Amino acid sequence: MSRFRVVFLDKLLPLTHYETDILEAVGARVEQIPCSTAEEIRIAAADADAVMTIGVKLNREALDALEKCRVIGRYGVGLDNIDLEAATEKGIVVTYVPVYCQEEVAVLALTLMLACERRLLIADRVVKSGNWKSSVAAVSGARSPRGKTFGLVGFGSIARQVVPLVKPLGVKVIAYDPYISPDFCRELGVESAELYELLRSSDYVSLHVPLMPSTRHMIGKEQLDMMKSDAILINTGRGALVDQRALCEALKDKKIAAAGIDVLETEPPDPGDPIFTLDNVITSGHIGAATEEALVRLRQKVAQGVADVLCGKWPEVLGNPAVKDKLTLKD
């Protein structure tokens, strides 16, 4: 008989043996029951000892429906879909996976930049439509990165992985991050800049900051107006870092040249969203971490964090440190 019940609340990824092997080894029975409302969560997981989620909103109402839950395992880097204060009040440990896909996201940022700069999808459409001779004209305005400036908004672990990828292209790299010292930037061959300086001087602006109240819509009309008319905006962070309505207007009015965005302000998006009507936008559907290798690391790490708590141990990564005042677990 199983000692624990674990419910995976999402359907974005299938449950695999990478999770179940780890959890079953500690006596857990694992089920995948997709939910979207607090009532559905209550029906599916009121008696669960643990839940795992990717994007399901675990607000206070949803957490109140979890009567036995001891741990929440979040697949991914951020925690913006979980009410950490409410979880802490209930004595629920929240664990997540901040380190598993830095290289993958950095490579995607570079890919989006190059695809936008070289008008790659436009050329693809022209050739496939039978207008091969028009391909060169269709990508008019494409530039070489050499001699350009690549601006990183945020200089955390992913942004730092971008640096050695773009440097061989002959670009100058600058970064804005109020929590990182200029000396540290210089050690990595990167110049430190204020945000307004970065926006005004960069040919490529790549966003790498977490979504918090202070960073929501940090790139809006005012910031887009500061950018060069031939600049390209790259967002592999969180969609709500950018005011998407303002971005659409800036792209339509040619205030900036293009945008490569892996993330959207609302996910899943409305199929009729104006962003999908623009030729100078590439959207990739939040695939930054979607390599086979990264997904294996993600699955194993989230399962191990949940298993640790079920066995009375603190997980390697704790999303709500204040819960330590309520629980006594082993290090």
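What this report covers is the structure whose coordinates are included nearby. (Residues numbered from 1 in each chain as written. Predicted model: local features only at pLDDT ≥ 70, side-chain atom pairs only at ≥ 80, totals over all residues. Heavy atoms only, no water.)

### So, the overall build of the protein
What counts, and what does not: The helix and strand labels rest on DSSP assignments: H or I over at least four residues marks a helix, E over at least two residues marks a strand, and numbering proceeds from the N terminus. Both definitions apply: the radius of gyration is a C-alpha atom measure, and the globule rule equals 2.2 Å times residues to the power 0.38. Throughout, exposure labels follow a simple rule: accessible area from a 1.4 Å probe, protein chains only, divided by the maximum for the residue type, with under 20% read as buried, over 50% as exposed, and the rest as partly exposed. The protein chains shown are the only cover counted for residues, whose accessible areas, like all others here, come from Shrake-Rupley with a 1.4 Å probe. Within this scheme the basic residues Lys and Arg register as positive and the acidic residues Asp and Glu register as negative, but His and the chain ends are omitted. The atoms used to mark charge sites are NZ of Lys, CZ of Arg, CG of Asp and CD of Glu.
Looking only at helices and strands, one finds 13 helices and twelve strands in the protein. In summary, the protein has a C-alpha radius of gyration of 22 Å against a globular reference of 20 Å for 331 residues, a match within 12%. In terms of overall dimensions, the protein has C-alpha extents of about 65 × 50 × 35 Å along its principal axes. Split into buried and exposed, the 331 residues of the protein put 51% on the buried side. Carbon together with sulfur atoms contributes 53% to the accessible area of the protein, which is approximately 16,100 Å² in total. Across the protein, the 39 positively charged side chains and the 45 negatively charged ones have centroids separated by 3 Å.

### Side note on the packing of helix α5 (residues 102-117) against helix α8 (residues 157-166)
The condition is simple: Between N-to-C directions, angles span 0 to 180 degrees; the directions come from axes that are lines fitted to C-alpha atoms, helices contributing only their stretch in contact. An angle counts as roughly parallel when it lies under 35 degrees, as roughly antiparallel when it exceeds 145, as roughly perpendicular when it falls between 65 and 115, and as oblique in every other case. Take the far helix as the reference: if the near one is turned anticlockwise from it by less than a right angle, the crossing is left-handed, and if turned clockwise, right-handed. For this analysis, residues touch if any pair of their heavy atoms sits within 4.5 Å.
Relative to each other, α5 and α8 sit at 55 degrees, their axes nearing to 8 Å. Considering the angle they form, α5 stands oblique to α8. Like other packed secondary-structure pairs, α5 and α8 cross with a definite hand, here right-handed. On the side of α5, the interface is formed by Q102, E103, V105, A106, V107 and L110, while α8 contributes S157, I158, Q161, V162, L165 and V166.

### Description of the packing of helix α1 (residues 17-24) against helix α13 (residues 292-310)
The packing of two helices is summarised by the inter-axis angle and the distance between the axes. Selection criterion: Each residue is assigned to one of three groups, with Ala, Val, Leu, Ile, Met, Phe, Trp, Tyr, Cys and Pro labelled nonpolar, Asp, Glu, Lys and Arg labelled charged, and all others, Gly among them, labelled polar.
In the contact formed by α1 and α13, the axes pass within 8 Å of each other and the chain directions differ by 20 degrees. Relative to α13, the element α1 lies roughly parallel. Every pair of crossing elements has a handedness; the one defined by α1 and α13 is right-handed. In this structure, α1 contributes Y18, E19, I22 and L23 to the contact, and α13 contributes V296, R299, Q300, A303, Q304, V306 and A307. Of the residues contributing to the contact of α1 with α13, the split by class is seven nonpolar, two polar and two charged.

### Comments concerning the nonpolar core
What counts is decided by this rule: As used in this record, nonpolar core signifies buried Ala, Val, Leu, Ile, Met, Phe, Trp, Tyr and Cys residues forming a set joined through side-chain atoms within 4.5 Å.
The biggest cluster of nonpolar side chains holds 58 residues, and the ones touching the most others in it are V6, L23 and L152. With nine residues, the top contributor of residues to this core is α5. With residues near it in sequence (within four places) discarded, V6 still touches L23, A28, R29, V30, E31, A50, M52, V306 and L310. Formed by 32 residues, the second largest nonpolar core is a distinct cluster that contains I219, A231, L233 and L241.

### Quick look at the sheet that holds strand β5 (residues 93-95)
Note the cut-off: At least two DSSP bridges between two strands are needed for those strands to be called paired.
Pairing in this open sheet of five strands is parallel, and the strands run β2-β1-β3-β4-β5 from one edge to the other. Each having just a single partner strand, β2 (28-32) and β5 make up the two edges of the open sheet. Here the strands of the sheet are splayed against their neighbours by 20 degrees on average, with no regard to which way each runs. Two strands pair when backbone bridges link them, and strand β1 (residues 4-8) and strand β3 (residues 50-53) are joined in this way by three bridges, in the parallel orientation. Each bridged residue has a counterpart across the sheet, and for V6 the counterpart in β3 is A50. The sheet strands contacting α1 are β1, β2 and β3, and the helix crosses β2 at an angle near 155 degrees.

### Some thoughts on empty space enclosed by the protein
Heads up, the condition is: Using a 1 Å grid laid over the protein atoms alone, points where a 1.4 Å probe fits but cannot get out form a cavity; open sets with protein on both sides within 12 Å along at least 5 of 7 lines form a pocket; any residue with an atom within 4 Å of a point counts as lining. Grid points are joined across faces, edges and corners, and a volume is the space filled by probe spheres set on the points.
For the structure on display, the rule yields one cavity of 30 Å³ or more. Lining the largest cavity, in full, are N235, G239, V242, Q244, L247, I261, V263, L264 and E265.

### Focus: the packing of aromatic side chains
Working definition: an aromatic ring pair is given by the centre-to-centre distance plus the angle between the planes. For clarity, the threshold we go by: Ring geometry is summarised as follows: Phe, Tyr and Trp rings, the Trp one being its six-membered ring, pair when their centres sit within 6.5 Å, and such pairs are stacked at plane angles under 30 degrees, edge-to-face over 60 and tilted between the two. Remark: a charge is flagged as sitting over a ring if the NZ atom of Lys or the CZ atom of Arg is within 6 Å of the ring centre and within 35 degrees of the ring normal.
Following the criterion strictly, the structure yields three aromatic pairs and no others. Measuring from ring centre to ring centre gives 4.8 Å for F8 and Y75, while their planes differ by 20 degrees; the resulting arrangement is stacked. A residue pair is termed long-range when its members are at least 10 positions apart, and F8 in strand β1 and Y75 in the loop between β4 (71-74) and α4 (84-89) qualify at 67 residues. According to the relative accessible area criterion, Y75 is buried, its value standing at 2%. Ring geometry for F155 against F184: centres 6.3 Å apart, planes inclined by 70 degrees, an arrangement best described as edge-to-face. Separated by 29 residues along the polypeptide, F155 in the loop between β6 (149-153) and α8 and F184 in helix α9 (residues 182-187) bring together distant segments of the chain. According to the relative accessible area criterion, F155 is buried, its value standing at 0%. Residue F184 is classed as partly exposed on the basis of its relative accessible area of 30%. The ring of W314 is capped by K324, whose NZ or CZ atom sits 5.2 Å from the centre of that ring.

Without other data, these values stay purely geometric and don't point to any function.
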